[in-house]
Structure formats: C-alpha cells, structure tokens
Amino acid sequence: MRSLRCHHVGELHRLVEEESFASHESLFIQIAADHVEDVRHAVELAAHRWPHAHIVGMAGMLPAVADTTFLANLTSMAADVSSWTVPVDDSTRPAELAACIAEASTHNETVLLLLFTNCRETLLPLLRHLPLANERMVIVGCALPEGSVLFSPDGRFDRGVVAVSFSGAALRARCFSPFLWEPVGLAFSVTKGGGRWIGELDGQKASFCLERYLGKEFIDRLPASGMEFPFVVERGGQSVCLPITAIQENGAVMVNGHVSEGEKVRFAYVHAPSLYWSVRDWAGQFAKQPAEETLFYYSAALGGYTRPLLAGMVSSLQQAAPFPVMEVAVKDAYTVGRLAGFAAVSLMEGAATAEDGPVLSLPFPPEGVTTLAQLMSTASRDMERLHIRLQMSEQRYKSLFDHNTDIVYSTDLHGHFTSVNPAFEQVLGYRKEEILYTNSLKYIHPNDIPRVTRYFYRALRGNVQTYNLEIPTKSGERLLFQMKNIPIIVDGKKVGIYGIGHNITEQKKAEEKIAYLAYYDPDTNLPNRTKWMELLAGQLEKAKQKQRKIAVILIDFDRFKWINDSIGHYAGDGILRQLVERMKRVLPVGAQLGRFHGDKFCLFFPLRTGSEAAMETALHIVREVAKPTVYGQKQFFLTTSVGLAVFPDDGADEHALLRHADMAVNKAKKGGGNRVERYRPEMNDETMHRLEMDGYLRKAIEQNELFLCYQPIVDVHTGTVMATEALIRWRHPKLGLVRPDEFIPLAEETGLIHEIGRWVLQTACRQTKQWQRETGNDKLAIFVNVSAVQFQHERFVDDVKQALQQSKLPPSCLRLELTEHSMLRHLSSTMRTLDELKKLGVGIAVDDFGSGYSSFHYLKQLPVTILKIDRAFIERLHTNASDAAIVEAIITMGRGLGLETIAEGVEALEQLERLRGLQCSYAQGYALCPPLVAEEIAAYMTERRKSRV
C-alpha cells in the first residue's frame, strides 16, 4: 500500500505524467477544491490516466485547513476497492438507498465503507439503515455543505451519494472518531417542535434564544457555525449532537437530526483541550500500531476557533490525508450512527510493529484556550447546580401548596383566608374568588368554633396544632380531615397561619371495613373463623357455668372444587350464598353459623339443643343442600358431608371439639359424602394410624423400602414376552408387605406420589434397558402405572423425558397406563399432556377399560395406543356369555381404531384359549406368570426363549 498527495493542480499533472501503479493494485483517488472547474478537470485527468481508479471529487466552500484550496490523495492497495454512485432526489428513501448501496458495495469481507453526499439531511438516516457486513466493518459518512458538487468517473452530481468500499481478508481498519462537543449553560425544554425543527424553547421563540446566547454573528455564519456550536441532547445516557442548519422566517430553528417536544437541549461547543487529548490518544495508538495509510475527515466544527490547533496537528500528522467536510458520521459494531468531530481511519494490509511507528510531536492548544475552556466548563457546571437548586426550591413550594392533594390554605391574624390551593377548591367545592378574605370559621359547624379557635391562637403562639375536624363541603357532604396549623413567620413576626387538611374520610371508612373484614366473611356476611371461635368460646363458658351440653357441627361440601373449576370462583361464590340461605332456613333460633374458609362452614347450637335435635338439624342441612341449585339458568346438584361433636362428651374446649368434628367430616367423606357422622373415639385411632403411615411412607422413600415387581405381558399366539408391567411394592420392617391400595391413596393426598412416581419411572426404564442389552431384544417394552394426581402435575412430562434420557431407553418402549377417569378428569390439560407424550413417542394405555366411562367419543380424541381390558370381564370370560360378548366387542372396537388389546387378570388356561379365539393381542396374569422381582423375570424370559427354541 502506498499513498501520494497533491496540494495544487500542478502537482497532480506531474503525478499523471510520472507515476505508474501496478495493474493488480486498486487505486482510490480523492480530490477536493473550492472551484467546481478545478475538481471537474482533475477528475477527468485522473480518470483518463487511470481508467479503473475509484475517484471521488468534492467541490464547494469546504472548511479547509491552512488556506489550502486544493487537495488530492492517491492510494494504491492490494485490497479490493469498489465504488458506486447514485443521484438523489426528493423521492429517494434512505432505506431503499441503503439497500442498493449494501448490495452493490459490500460483502462479508468488507471492512470500510466511505460515503460522500451533498444531501446533508440524508447522511444520518442512510447510516442508520445501512447494515454492517461483519463485526470488523466501519462506515464513515461525509456530508458536504449545501451547494457543493460531487464528481465521479460517471460525471457531476448536484445531489447524490458516492459510496466506496474496501474489502479483503488481510485488510484491517481502525477508526478513531471522538465526540468533542461539551454542553454549556442551562438546559432548555423544547416546548414546541418536533422532527427537524424547534419552534419554542422554554416558551420563547427558538431564534430569540440563539441570538441572545450566541449572537447575531453566529446566525450570519450558519450553517457552518451550527456545527461549531450545536444543540446537544441526552438520550439513553449518551450525548447526541443536533447541528443547527437554518432559521426560518417564523423564528423556528432547523436542526440536522430528530427532536421531540419535552426533550431538553443545551448549547455545546468544541472543547479545545478534549480535541488536543483526543488527537494525542489517536497519535499514541498510531505510534504503537502504525498504519500504511490514514484517511482523515474533519467536520466544520473544527473550522472555527480551533482551526489553528487543528492546522498544527495536521502538519504533525504527515501520514494522514486530511479532507474537510461539513459533517462526519460514524457507524460500527458499537453505535448505530452518530456525528463526530473528525474520523481518522487507519488502513493496514500487512503486519506492523511498534518500532515502525513515527514519534509525533503535537502542538499544545494556543495560550489561553485551555484556561478559557476550563472557565466555561466550571461556570457552566456552577450555573447548572444553581439552576437546579432554584428549580428544586420552587418545585418544593409547588408540591407543598399548588400540587398538594391535601387542602392547604393560609389566613391572616384574624383568621381570614389569604390563599387556598387547587385541592381546597376541588375537595370542598368553593371557588377561590368566593372564599378569599372571608373568615375561615364561617365554613365549619358552630359547635366546633370554640375548639378550632383555641387551636388557632395556640398556633399563633408558635405551637404546631394537630386535630381532627369535620368540614361540610359546599354541596353539604361532611368530610373528616386531620388538620395541622402552622404559624407563618416573616422577619421574625407572626403574620398568620398555614392550615393543612388531610382527608381521612375514606381512611375512616376503610378502617371500619377492615374491622368488619377481620371478623366477617364478605361473601356470605357470616362470622369468619376468628369471630366464630370467639362466639363459641363465650357459649362454652355459659355451658360450663350452667352445666349444659353444646353441639358443634362442621359442614364441608363434597367436590365443590369441580364447581369452581368448571364455572369459576365468582359463580361458585354465588352458589355458596344460595346454599347458606337455604341452610339458615332449617336452623333453630339461636344457632350460630360461620364460614371457616372456602366451602367449609361451622355451626354451634343454643344451649337448650340436645344431641338428637342437633343430629336432626344436620340431616335437614344435608337434605337441603342436596336439592337442585339453579345458577345462570343451569341446575347444579351438590352434596355435603357433616361432622358432629358434642361438649363435654367429645371435647372439653373449642379446639378439641373442632378437631373431633373435623375427624367426623373426614369419615363422612370417606363413606361417599352426603351424610352425617357423629364423632367416635375410634376415629382418633384411624387418624393416628394415617399419621403414622404418612411418617412411615416418607421414611420408606429415604430408606429404600420400596421396590418393583414386574409381570410379563405375553403374546397370546406365540407366547413371546413383548413387555412387562412395573408394580410397586413396599416392605416395612414392622408392618411387613403393605398393599399398594393402602399407601398409594395416602401418597396422592400428601403429594409424595410425585417423588414415588418419578422413582418408579426411572427404575423401570433403567431395568428394561438392561434387559434389552442382556436379551438382545431392543423391542422389549415396559408398562408403568401413572396416578391421576401424578399425571396432572406440571413437571410430569419433564419427569418422563428425564427417565428416558438417564436410562437411554427408546421412547417407543415406554407405555404409560392411565385410567379413563384420570384422563377425563381435566380434559383440556390432559389433551395437551397426551399430545406432548405422543410427540415424544411414548405409548399410552387405557387401564381397566370397561370399568369407567368407556366413552367411545373421547376414545377417538385421545391419542391412546393400547386398551387393557378390565380383569372383571376376564374372570368369567369362559363361563359367562355376557362377559365374553363385552370382551369380544372391546377387541373388535380396538382393532377398528387401530389399538392393541391386552387382557388383564388371566388366571386360567381356559381364559387364555378363549382370548386366542377372540383374536386378543396380548395377555397378563397368574396363568402366565405372577409378578416377580427383576432377577426372577430375567430367568423367566430366558426360559421362555429356550422353550420356543
């Protein structure tokens, strides 16, 4: 890479005659001059001499350094250089223009894209729309002053864009582009404006602010001065430059950028010390990693009082090719496009070391410039702090008075109003004009005048007074206020008082409501648990004193959750209110009904009520609840379970009574509900046994007392073992073998079923994978029973995935057994879960088919693959024609739906023979093989293989 520069036309002529470049090199030529003819002639000369060169010519009033009126720079390089020129008119859209440039000039190895345009307003939108081809790519845009002319080998462009791209795998580019503008003075709010224009700043014409703060000379030098002293706005923690471009006749100020009403803008200037240190930083980087070529573009911002400093820097940077433009904008991987004071782009095709770099001697800013910049910066900061303090003081006053939601007023020494805030007018309904200078005592109740007068004079003596006062509004509504009287002191003398009134009317109502909610249920207006317990405690004290009995019952509606799930809690509360009213109708006088929570209610009877009468009332309640309930033009049928306990026979205090009544409720529910149970002492034993079993079961999981047995599922025609069913067992050290139907419901109630079910899945899948490896039968499947509670858990599908991943068992070898009831329990969520399992490849078996709904309608919708015929039909298959017909119908239906059928509970060879005749696919049962532990199953499968051989 090499570079040649010319500072007048004669030098360019000499280069054209003497210089030659290798044919394989790309040549990039830049030419800038004040006169259009000079540039046109130079471009034609260069294009004729080097017809394949990429040439950019710029003609116009450019902010040149050191009175240079002609600049030309020729750079040859091995990298790929391409250029593209397009004219621009009013209909050109930046997004479309950016797409054309990106397609024509960039690809994935492009590291630098230069844009030159004499349409200043197009530059920033164009940069924002241009995509970066890679993370290394840099885009540098140069906008020329209005009236400038662009040239390329294609000719002259009064409005256009020239794009030049530099690409290559070995090419590297570094761009240094500092933001040099420092805000100064106060911030102005844009009170009128939007887009590219600002109409008013702080309510004044924007042109007035410009002339007042920057002077007429600034306005006369626009648009060049607009780059030296632009507006700056803070957005997203970054300063954004808004160059001032023109002033319209109506006083509006045009900017090159976008501004919104409500934004705050400040004037800014080029901070000379920042310019100096920025160039020093760049020079230091340049010395450490010198470039083969440096392209230097500086904006009109550096053409004012910083021009001598810039000129000295440019003269020290002999390796740079400086070109003046109006605006410089940069986009890279870290910014979407912003204006910069200058852009220095270093290009390298080879490796460079620190020893290659020259030592640069940069001139320090002229004397006094640094001091002036420091003075402006410090004065600006002090002014801003003072302005902020004044604003805060004013805002505090407004917050206290004008913007206070409390009523605020002031009076003179005689109690006459001297000021009222807007809240006073809004809350009390009086206009300021009708209330000022009238006596404040006129607006309160006569009974309160003596008390308020005492507070008034105490406040005048310097003591702040706080009291509650009811004040009628103009419309007659009475509002309660918490008042505060504060003395007004001016020059050490008391001249009146400030009054502040906080409206506590709603607060008082809320306190009363909170007190009500603390003791009563808002839906039914019945005493809640806390209040009812207090009432019961009082009733028990009376019973103890008079040696009477008290009957207490708990009422729990059966399966009320289904109502809430199907029609919603709001409708459920409506049904509960109806039921409460119906229950009240059968209660004796003096009985107290309360709501514990949800659908659970409590009731105690008056002292004269005996146990038999309480039982009769409880039965009345059960019958009353069982009647149809109409809500939303639909009938609902509900039942309830009632538990009865009597003082002192069933408990000596309220807690014991309720505990025993709750045991009786649970007993009623276990009996199917819709009934009344009286507490019996043996219920304690049942509860303790359940608690004991719960503790044992938790330890069983920790101490590995659970284990799996497996029962083979056999092809009824070939005798081949196609799968096994995993059956959980629990061997307790004291209790021995515990039946699954005893501990599985307990696990479902306590939530332990999820942990147990997860362990069963993982163990069964791991064991089946081991059998597949040992037998070579990679089709051997495993059937795992899934509890309804376990299936509805949100992590169930994740548990299945985890078991398959850990065991590496193919999903097609896992069959999950679910009853019809568990699948239809929550149909919408069931369908989602089954669809996920189907996508996973897991098979679904309907367990105990025929014992539940046996709904063919739902069977068509559910993605099941297997029907397991309930053992109740298999038991009398060979002796009962009805059962045989049902089994045959199930098998035929399954075949029609493409489902496999498995007969459960085959315990006689005659049953097996009958199943073969009915074309049943598979069977399991004691006639084939009982459930065995894993080691015994392995021996069983080995024996079956040998027998078939």
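Structure: above.
Bear in mind the structure is a predicted one, so any value in this text is a computation, not a measurement.

1. Overview of the nonpolar core
- Counting residues in each nonpolar core, the largest one holds 76 residues, and the members touching the most others are Leu814 and Leu816.
- With seven residues, the top contributor of residues to this core is helix α22 (residues 753-775).
- Residues in contact with Leu816, not counting those within four places in the same chain, are Leu761, Val784, Val786, Phe796, Val800, Leu837, Val842, Gly843, Ile844 and Ala845.

2. Notes on the sheet that holds strand β25 (residues 417-420)
- Read from one edge of the open sheet, five strands run β25-β24-β28-β27-β26, paired in antiparallel fashion. Each edge of the sheet is formed by a strand with only one pairing partner; in this case those strands are β25 and β26 (465-472). Each neighbouring strand pair of the sheet contributes to a mean axis angle of 30°, computed without reference to strand direction.
- As judged from the eight bridges shared by β26 and strand β27 (residues 478-490), these two strands associate in the antiparallel manner. When the sheet's bridge partners are listed, Leu469 is paired in β27 with Phe481.
- Relative to the sheet, helix α13 (residues 449-460) contacts β24 (407-411), β26, β27 and β28 (493-503), its axis offset from that of β26 by approximately 140°.

3. Some details on the packing of α22 against helix α24 (residues 796-807)
- Viewed as axis vectors pointing N to C, α22 and α24 meet at an angle of 30°, and their least axial separation amounts to 9 Å. Of the possible angle classes, the one that applies to α22 and α24 is roughly parallel. Note that α22 runs across α24; the crossing there is right-handed. Here α22 contributes Arg758, Leu761, Gln762, Cys765, Arg766 and Lys769 to the contact with α24, which in turn contributes Phe796, Asp799, Val800, Gln802, Ala803, Leu804, Gln806 and Ser807.
- Taken together, the residues that form the contact of α22 with α24 break down as six nonpolar, four polar and four charged.

4. Describing the side chain of Glu263
- Here Glu263 shows up in the loop between β17 (253-259) and β18 (264-270).
- Within the structure, Glu263 has its side chain in polar contact with the side chain of Arg235 (distance 2.9 Å).
- The residues touching Glu263, leaving out its near neighbours within four places in the chain, are Phe188, Ser189, Val190, Val233, Arg235 and His258.

5. Considering the pairing of β28
- As defined by bridge partners, β24 adjoins β28 across five bridges and the pair is classed as antiparallel. Looking at β28, one finds that Tyr409 is bridged to Gly499.
- Bridge analysis of β27 against β28 gives ten bridges, and the strand direction is antiparallel. Residue pairing for β28: Asn485 is matched across the bridge by Gly499.
- Between β27 and β28, which pair antiparallel one after the other, the connecting turn spans two residues, and Asp491 there sits at a positive phi close to 55°.

6. Topic: helix α18 (residues 611-626)
- A rise of 1.5 Å per residue sets the reference length of α18, with its 16 residues, at 22 Å; its end C-alpha atoms lie 23 Å apart and thus fit the reference within 8%.
- Looking only at α18, the buried set comprises Ala614, Thr617, Ala618, Ile621, Val622, Glu624 and Val625. On an axial view of α18, the arc spanned by its buried residues comes to 165°, and they lie on one face.
- For α18, the secondary structure elements touched by its buried residues are β29 (550-557), α17 (569-585), β31 (600-604), β34 (640-647) and β35 (675-678).

Reading the values: rules and limits
- Residues numbered from 1 in each chain as written.
- Predicted model: local features only at pLDDT ≥ 70, side-chain atom pairs only at ≥ 80, totals over all residues.
- Heavy atoms only, no water.
- Core = buried A, V, L, I, M, F, W, Y, C linked by side-chain atoms within 4.5 Å.
- Buried < 20%, exposed > 50% of the residue type's maximum accessible area, 1.4 Å probe, protein only.
- Helix = DSSP H or I, 4+ residues; strand = E, 2+ residues; numbered from the N terminus.
- Contact = heavy atoms within 4.5 Å.
- Pairing = 2+ DSSP bridges.
- Axes fitted to C-alpha atoms, helices over the stretch in contact; angles between N-to-C directions.
- Parallel < 35°, antiparallel > 145°, perpendicular 65-115°, else oblique.
- Left-handed = near helix turned anticlockwise from the far one by under 90°.
- Nonpolar A, V, L, I, M, F, W, Y, C, P; charged D, E, K, R; others polar.
- Polar contact = N/O pair within 3.5 Å; in protein donor to acceptor, adjacent residues only side chain to side chain.
- Expected span 1.5 Å × (residues − 1).
- Arc of directions from axis to C-beta.

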